[in-house]
Amino acid sequence: MSRKTIPDERIITLKKQLDLLSSRSPERKKMVQTFGELYGVSRNSVYRSLRKRGRPKALKRSDAGESRVLPTSEMERYCRVIAAIKLRTLNKKGHHISTVETIRLLETFGIETPEGSVKAPKGLLKTTTINRLLRNWGYDFHSLQVEPVAVRYQAKHSNDCWQFDLSPSDLKTLDQWPDWVDSRKGRPILMLYSVVDDRSGVAYQEYHVTYGEDVESALRFLFNAMSLKGIDGFPFQGRPKMLYMDNGPIAKSLIFQRVMDLLNINIQTHLPKGKDGRRTTARAKGKVERPFRTVKEVHETLYHFHQPKNREEANEWLMNFVLRYNEKPHRSAPRSRIEDWLSSLPVAGIRQMCVWERFCSFAREPERRKVGSDAIIKVDGGSYQIDHELAGHTVILLWGLFDKELFVEFKGKYFGPYQPSGGPVLLHRYRAYKKSKSEKRADAVEKLAANLYLPKEALAMDTRTGEALKRDLPKTTQFIKFEDPDPFQEFTYANMIQARKAISDYLGIPLAKLAQNEIEQIEQILSETLTKKDVMEKIRALFRPNFRRGRYVNRSDEAF
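The following paragraphs examine the structure supplied in this document. Here, residues in each chain are numbered from 1, in the same order as that chain's written sequence. The predicted nature of this model means local features are confined to residues of pLDDT at least 70 and side-chain atom pairs, given and counted, to a pLDDT of 80 or more, with totals for whole chains, interfaces and linings taken over all residues. Water and hydrogen atoms play no part in the side-chain values, which are based on all heavy atoms of the structure.

A short note on the overall build of the protein chain
- The secondary structure listing takes helices from DSSP runs of H or I that are at least 4 residues long and strands from runs of E that are at least 2 residues long, numbered from the N terminus. A tally of helices and strands in the protein chain yields 21 helices and 17 strands.
- Any residue under 20% of the maximum accessible area for its type is buried, any over 50% is exposed, and the rest in between are partly exposed; the area is computed with a 1.4 Å probe on protein chains only. Residues counted as buried form 39% of the 560 residues belonging to the protein chain.
- Any two residues whose heavy atoms approach within 4.5 Å are treated as being in contact. For the protein chain, restricting intrachain contacts to residue pairs at least 6 apart in sequence, the fraction spanning at least 24 positions comes to 66%.
- Total accessible area on the protein chain is roughly 34,700 Å²; 51% of this is exposed by carbon and sulfur atoms. The Shrake-Rupley method, run with a 1.4 Å probe sphere, supplies the accessible areas, and residue values consider only the shown protein chains as cover.

Some thoughts on the nonpolar core
- Definition used in this section: a nonpolar core is a set of buried Ala, Val, Leu, Ile, Met, Phe, Trp, Tyr and Cys residues joined via side-chain atoms within 4.5 Å. One finds F164, L219 and L263 to be the most contacted residues of the largest nonpolar core, which totals 65 residues.
- The contact partners of L263, leaving out residues within four places of it in the chain, are M226, R239, R351, M353, C354, F359, F362 and F482.
- In this structure, I97, A120, L125 and I130 belong to the second largest nonpolar core, which totals 18 residues.

Some thoughts on the layout of surface pockets
- In this analysis, the protein atoms alone were mapped onto a 1 Å grid. Cavities are point sets where a 1.4 Å probe fits without being able to get out; pockets are open sets with protein on both sides within 12 Å along at least five of seven lines; lining residues have an atom within 4 Å of a point. Grid points are joined across faces, edges and corners, and a volume is the space filled by probe spheres set on the points. In this structure, the largest pocket occupies an estimated 700 Å³ of space.
- What lines the largest pocket is a set of 22 residues, among which Y414, F415, Q498, K501 and K532 lie closest to the centre.
- When residues of the lining of the largest pocket are traced back to their parent elements, those giving at least two are strand 14 (413–418) and helix 18 (496–507).
- A per-element tally of the lining of the largest pocket places strand 14 first, with six residues.
- Residue polarity is assigned by list, with Asp, Glu, Lys and Arg as charged and Ala, Val, Leu, Ile, Met, Phe, Trp, Tyr, Cys and Pro as nonpolar; anything else, Gly included, falls into the polar class. When the residues that make up the lining of the largest pocket are grouped by side-chain class, the tally is ten nonpolar, five polar and seven charged.

Here's the deal with the packing of aromatic side chains
- Here the aromatic set is Phe, Tyr and Trp, taking the six-membered ring for Trp, and pairing holds for ring centres within 6.5 Å; pairs whose planes are under 30 degrees apart are stacked, those over 60 apart are edge-to-face, and all others are tilted. Under the definition given, this model contains 13 aromatic pairs.
- Considering the side-chain rings of F223 and F359, the 5.1 Å spacing of their centres and the 40 degrees angle between planes classify their relative orientation as tilted. With F223 in helix 8 (residues 215–226) and F359 in helix 14 (residues 356–362), this pair connects stretches of sequence that are 136 residues apart.
- Residue F359 is classed as buried on the basis of its relative accessible area, which comes to 0%.
- An aromatic cluster is defined as three or more aromatic residues linked by ring pairs; in this entry it consists of W162, F234, F236 and W341.
- The rule for a charge over a ring is simple: NZ of Lys or CZ of Arg within 6 Å of the ring centre, and within 35 degrees of the ring normal. Here the guanidinium or amino end of K229 rests over the ring plane of Y204, the centre of that ring lying 4.9 Å away.

Examining the packing of helix 1 (residues 8–19) against helix 2 (residues 26–39)
- Only the stretch in contact is used when fitting a helix axis, every axis being a line fitted to C-alpha atoms; angles between N-to-C directions are given from 0 to 180 degrees. Two elements in contact, helix 1 and helix 2, have axes whose closest approach is 10 Å; the angle formed by their N-to-C orientations is 165 degrees. Our classification of the angle between helix 1 and helix 2 gives roughly antiparallel. Here the hand of the crossing between helix 1 and helix 2 comes out right-handed. Facing R10, I11, L14, Q17, L18 and D19 of helix 1, the residues of helix 2 in contact are R28, M31, V32, F35 and Y39.
- Here the residues of the contact of helix 1 with helix 2 are counted per class, giving seven nonpolar, one polar and three charged. Orientation categories follow fixed angle ranges, with anything under 35 degrees roughly parallel, anything over 145 roughly antiparallel, 65 to 115 roughly perpendicular, and all other angles oblique. The crossing is said to be left-handed when, going from far helix to near helix, the turn is anticlockwise and less than a right angle, and right-handed when the turn is clockwise.

Remarks on the side chain of S194
- Here S194 is to be found in strand 4 (residues 189–197).
- Taking relative accessible area as the criterion, S194 reaches 0% and is therefore assigned buried.
- What S194 contacts, discounting residues up to four positions off in sequence, is Q163, F164, D165, Y204, Q205, F221, V288 and F292.

Coordinates in, geometry out; function isn't part of it.
So, in structure tokens, the structure goes:
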């Protein structure tokens, strides 16, 4: 028996008639009943036809986006292998093997995978189909090279991490350059050095005149940043636990790494590119880069009205701005940056910085040299007379960046310090960079800018600076005393043998010629301390009666 069907045009006519009635009208039921009797179907069949007719028809096939040549799982396996081959052949310029060539390799030779050998039948895979499926299933290069989501971090305490960077200043020239600037090397750069506390966002910045990324200037700046400032109300100080910076010439410098190691500061740099999968490792965090933009847009733009004469005046005006910058709100906490730094100090206290003289002894540049037969080291026209026992040996010279003293390392021992016995030693070595050209302004704007005037007090006597100098360390703040590693044994003897040798040189006679009670007193002094200053003071007090006319006299020999 054939199934009874209702013509589509009659269903459309019935639906139009029903739409003219309300949804609860009793005429709707009678009209549907009469329509069903006319075509010999039940009332439910009529309602079913009405619902089916009102449903929109799909514009795509039910298996749209799926492979009809092979099962979806098998075709996806081929697409995954093809995408892997393209990724394996990718070079740094973005070139990789084409889809046509990849299909040819799979059909002709096949490829070995950890899951087994994969070889496609000839003529089964089509280039157009594979390219479409790669896009639809997420195996194209745009989807495969997506980076993981960046995670923002923030230190728990103040001075846990400082971010360090430098940027050329927009101020391209000064009226008074430092005396050491060599005009033959070209015009130097006024570089802006900056550190930012990762926890609070407190910044400290200085100008330095350099010929590029200079290690000496970086060490000078970091010493000033970690030392106590001579500014009442600005307590920012202390040695950080970690220094985060880019992997540039300063971070690669052996002398910079040595100084930071002696100060117990960990250096953390960006990972090289490609060392962490798809993630961009050498990515700026913005915490130290953003203050550069603020300084150049808010502060250095005023140099068009008044330009500093020299670096000292530029640093004075810059510090006036930095104090106000640190009073700005914290990025997330409901307080200023300097208030957040004070409230987030570590429980153990602030790690103090050493004095400048001790810092100079740490900043020494190693150089391997062979000592001449006369035990003299010559460099840049200067001569250093070192110990005769080092003559003819290959040693490591430790040049001071901030002084003219020289230390020598040989077989793990340090000798020195030695002072130059000849001409001066050149300290500054820089690389010259050409100055970039500035854009020309429009004639009308240039004429207006030449006639503008701004009071000098806007830079030197800002009233907001006094308001910023209201901060001080809490009275309960603790300080961690600086522990001197003394790498060159300048203050203490390495052992008792060296101490006895120094005492013998001071007295001018072997210790074996001394009386037994004097030898026992010397041993008692050395058992108490090996500090050079304390040992020699006690030795002078002990043997002062035995010195006559500047030399030691053995009383037992005199009596004899």
